[in-house]
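# Coordinate inspection notes
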Amino acid sequence: MSVNTTMTGTPSMWERIRRVAASDRISGLIMLGFALAGLVLANLPWTAHLFETISETQLAIPYTNIDLPLGHWAQDGLLTIFFLMVGLDLKQELTTGSLSNPKAAAVPMLCAVGGMLVPPILFLSVTALYSRFAPPGPGLEQIANGSVFSFSDIAQGWAVPTATDIAFSLAVLALFAKALPGSIRAFLMTLATVDDLLAIILIAVFFSSLNAWYWFLGIAVCAVVWALLVRMRRVPWIAVGCVGILAWVMMFEAGVHPTLAGVLVGLLTPSREMYGETSPRAERYHDKLQPFSSLLALPIFALFATGVHFDALTPALMVSPVVVGIVVALVVGKPVGIMITAWTATHIGGLSMPRGLRVRDLLPASCACGIGFTVSFLIASLAYTDAELSAEARFGVLMASLIAAAISGVLLHRQSQRYEAARALETGKERDHETPVERITTLSDGTQSATIEAFTPEQLAQIKARKLRERIRQRRHDDRT
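Residues numbered from 1 in each chain as written. Predicted model: local features only at pLDDT ≥ 70, side-chain atom pairs only at ≥ 80, totals over all residues. Heavy atoms only, no water.

The criterion, for reference: UniProt positions are given in the numbering used here, feature names are shortened, and annotations may be inferred rather than shown by experiment.
Per an unreviewed UniProt entry, the protein chain is named Na(+)/H(+) antiporter NhaA, and its organism is Bifidobacterium lemurum. What UniProt records for the protein chain under Function (unreviewed entry) is the sentence "Na(+)/H(+) antiporter that extrudes sodium in exchange for external protons."

### Here's the deal with the overall build of the protein chain
What counts is decided by this rule: The secondary structure listing takes helices from DSSP runs of H or I that are at least 4 residues long and strands from runs of E that are at least 2 residues long, numbered from the N terminus. Working definition: with a 1.4 Å probe on protein chains only, accessible area under 20% of the residue-type maximum means buried, over 50% means exposed, and in between means partly exposed. Here, residues are in contact when the closest pair of their heavy atoms is within 4.5 Å. The accessible surface values rely on the Shrake-Rupley method and a 1.4 Å probe; as for residues, cover is taken only from the protein chains in view.
Of regular secondary structure, the protein chain possesses 18 helices and 6 strands. Counting across all 481 residues of the protein chain, residues that qualify as buried make up 47%. Contacts in the protein chain between residues at least 24 apart in sequence constitute 75% of all its contacts with a sequence separation of at least 6. Only carbon and sulfur atoms are counted for the fraction: they give 65% of the accessible area of the protein chain, which is about 23900 Å².

### As for helix 1 (residues 13-22)
Put simply, the rule is: Taking the helix axis as origin, the arc is that swept by the directions to the C-beta atoms.
Among the residues of helix 1, Glu15, Arg18 and Ala21 are the ones counted as buried. For helix 1, the arc enclosing every buried residue in end-on projection is 120 degrees, short of the 170-degree limit, so these residues lie on one face.

### Observations concerning the pattern of salt bridges
Rules: Between Lys or Arg on one side and Asp or Glu on the other, a salt bridge is scored when a side-chain nitrogen of the former is within 4 Å of a carboxyl oxygen of the latter.
Taken as a whole, this structure holds 5 salt bridges when the rule is applied. With its nearest N and O atoms 3.0 Å apart, the salt bridge here joins Arg281 to Glu277. Residue classification places Arg281 among the buried residues on the basis of a relative accessible area of 1%. Its salt-bridge partner being Asp361, residue Arg358 comes within 3.4 Å of it at the nearest N-O pair. Residue Arg358 is classed as partly exposed on the basis of its relative accessible area, which comes to 45%.

### Let's talk about the environment of Ala342
Structurally, the position occupied by Ala342 is in helix 14 (residues 321-347). Of the residues examined, Ala342 reaches a relative accessible area of 0% and is grouped as buried. Put simply, Ala342 and Val107 are 235 residues apart on the chain and 6.4 Å apart in space, counted from C-alpha to C-alpha. Sequence-distant contacts of Ala342, defined by excluding residues within four places in its chain, comprise Cys111, Val359 and Leu362.

### Focus: the side chain of Ser131
Where we set the bar: Polar contact criterion, stated in full: a pair of N or O atoms within 3.5 Å, where within protein one must be able to donate a hydrogen and the other to accept it, and residues adjacent in sequence count only if both atoms are side-chain atoms.
Its place among the elements puts Ser131 in helix 5 (residues 106-133). Within the local environment of Ser131, its side chain forms a polar contact with the backbone oxygen of Ala128, the two atoms lying 2.8 Å apart. If near-sequence neighbours (up to four positions away) are discounted, Ser131 is found in contact with Gly137, Pro138, Gly139, Leu140, Glu141 and Phe151.

### A few points about the packing of aromatic side chains
Within a pair of aromatic rings, the relevant descriptors are the distance that separates the centres and the angle that separates the planes. Rules: Think of it this way: a Phe, Tyr or Trp ring, Trp meaning its six-membered ring, pairs with another when their centres are within 6.5 Å, and the plane angle makes it stacked under 30 degrees, edge-to-face over 60, tilted otherwise.
Taken as a whole, this structure holds 12 aromatic pairs when the rule is applied. Measuring from centroid to centroid gives 5.4 Å for Phe82 and Phe83, while their planes differ by 80 degrees, and the two rings are edge-to-face. By relative accessible area, Phe82 is classed as buried at 9%. Through successive ring pairs, a cluster of aromatic residues spans Phe168, Phe301, Phe373 and Phe377.

### Observations concerning the environment of Ala212
Inspection of the secondary structure assignment puts Ala212 in the loop between helix 8 (182-206) and helix 9 (213-229). A sequence separation of 43 residues divides Ala212 from Gly255, and the C-alpha atoms of the two residues are 8.7 Å apart.

### Quick look at the nonpolar core
Test applied: The criterion is simple. A nonpolar core is a set of buried Ala, Val, Leu, Ile, Met, Phe, Trp, Tyr and Cys residues joined through side-chain atoms within 4.5 Å.
Grouped together as the largest cluster of nonpolar side chains are 108 residues, with contacts concentrated most on Phe83 and Phe373. Aside from chain neighbours lying at most four places away, what touches Phe83 is Ile200, Ile203, Thr259, Leu260, Gly262, Val263, Val375 and Leu378. If you look at the next biggest cluster of nonpolar residues, it comprises 5 residues, including Phe51, Ala74, Leu303 and Phe304.

### Quick look at the packing of helix 8 against helix 16 (residues 374-383)
The description of two helices packed together rests on the angle between their axes and the distance between the axes. In plain terms, the rule: Each axis is a line fitted through C-alpha atoms, taken for helices only over the stretch in contact, and angles between the N-to-C directions span 0 to 180 degrees. Roughly parallel refers to an angle under 35 degrees, roughly antiparallel to one over 145, roughly perpendicular to one between 65 and 115, and oblique to any angle outside these ranges. As a working rule, the residues Ala, Val, Leu, Ile, Met, Phe, Trp, Tyr, Cys and Pro are called nonpolar, Asp, Glu, Lys and Arg charged, and the rest polar, with Gly in that last group.
Remark: helix 8 packs on helix 16, axes separated minimally by 12 Å, with the N-to-C direction vectors making an angle of 10 degrees. Relative to helix 16, the element helix 8 is oriented roughly parallel. Only Val375, Leu378, Ile379 and Leu382 of helix 16 make contact with helix 8, whose side of the interface consists of Ala199, Leu202 and Ile203. Here the residues of the contact of helix 8 with helix 16 sort into 7 nonpolar, no polar and no charged.

### Observations regarding the confidence of the model for the protein chain
Stated formally: Residue-level confidence of the predictor is what pLDDT reports, using numbers from 0 through 100.
On average, residues of the protein chain score 85 in pLDDT, and 87% of them reach the 70 mark or higher. Looking over the protein chain, one finds the lowest element-wise mean pLDDT in strand 6 (residues 448-452), namely 53, and the highest in helix 14, namely 95.

Written out as structure tokens, the structure reads:
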């Protein structure tokens, strides 16, 4: 990757932006800030009306049936950039990354499935208890503003707590787990990548209302043309951009959620070097799009996704069946599903964990998987047609993500400290072992002579190995920061 610098050797503005976007820690905090800003702006008396006006301003594409408010453009339009990143990342992982070896990736892949199965069960269980024992009566549930819904209406949100936000999960690791071994981060990345793939399938299957067949023919044509264009020696970017927009329009008209157009074209992008290039195109395009996704698309989406107006932010909102169900499902269901699956796969299924990892080592990282955010916000807006239910679901996702981040942050920090202490103890023992032995002898005339034994070849090899490990650890630390 080339680095643009000014004549003085300092990074250019664009390079600084790319560094910020590449930092899980900074980009995650930016998105969280926009999410909280959306919630505040939509509920402050002097900003609520202006925010609602902006969010509901209609914007149409000429000669199509597409006429959406700005809030929906953030969800259906800008979020496509994020899903294109997901598609490119999936293609690279499936070809040369962690998913290219199914045997090595089997445990995190299964954990992703387990982490998506348990949360809906807990959500439905919690809301069923509300409908049975809480007012106003059997089969009915009352949300924070007093509206009453049937259990079947509430249950439509079962898919909301299924997704993990990989960006926020890695941001928590970057903030609180600097000394953890790379195998835990790799495990989490593999799990979250498969989680993204499963969430994409879930959106396509359960939240699409299919229309006329000829739109799907148009999607297929766009896919073929895209695949041909991005494999040319010199890629015609104007044509590629037009084909990508056409694929998005075709998806919208076909009744499939249009953000999946980004996943489709991402998966069709070459993920191996071509024409003597030094890096795969999918990887390069992912890096180039990252600033637009991390610093533009995701923050604006979070702003509008959480920018829902509540009649009153009262304690009743915190005990609403929708909010409580989502919080329990994400905060408890995600780690429970992951840990049970990991234990079953390794103790009964005969699969092995990455070298040096035990099942219990995954608990802090599995708690970070309870951070739903991006895809959960999207599913919340798709699952509920009622505005109040959708608003409460998104509020529940925000609360659950903050709680999961806090719990995982504490656990990861303590785990990181234990690894750091063990590493320091090991290094100290190595240095003690490497210290040459000093021998004092007394000569016949009474004078004392001190001799120091030379390092043995084994001791020299240990010193070199220790210095090499320290350099690798320092390089990894620099990469994370």
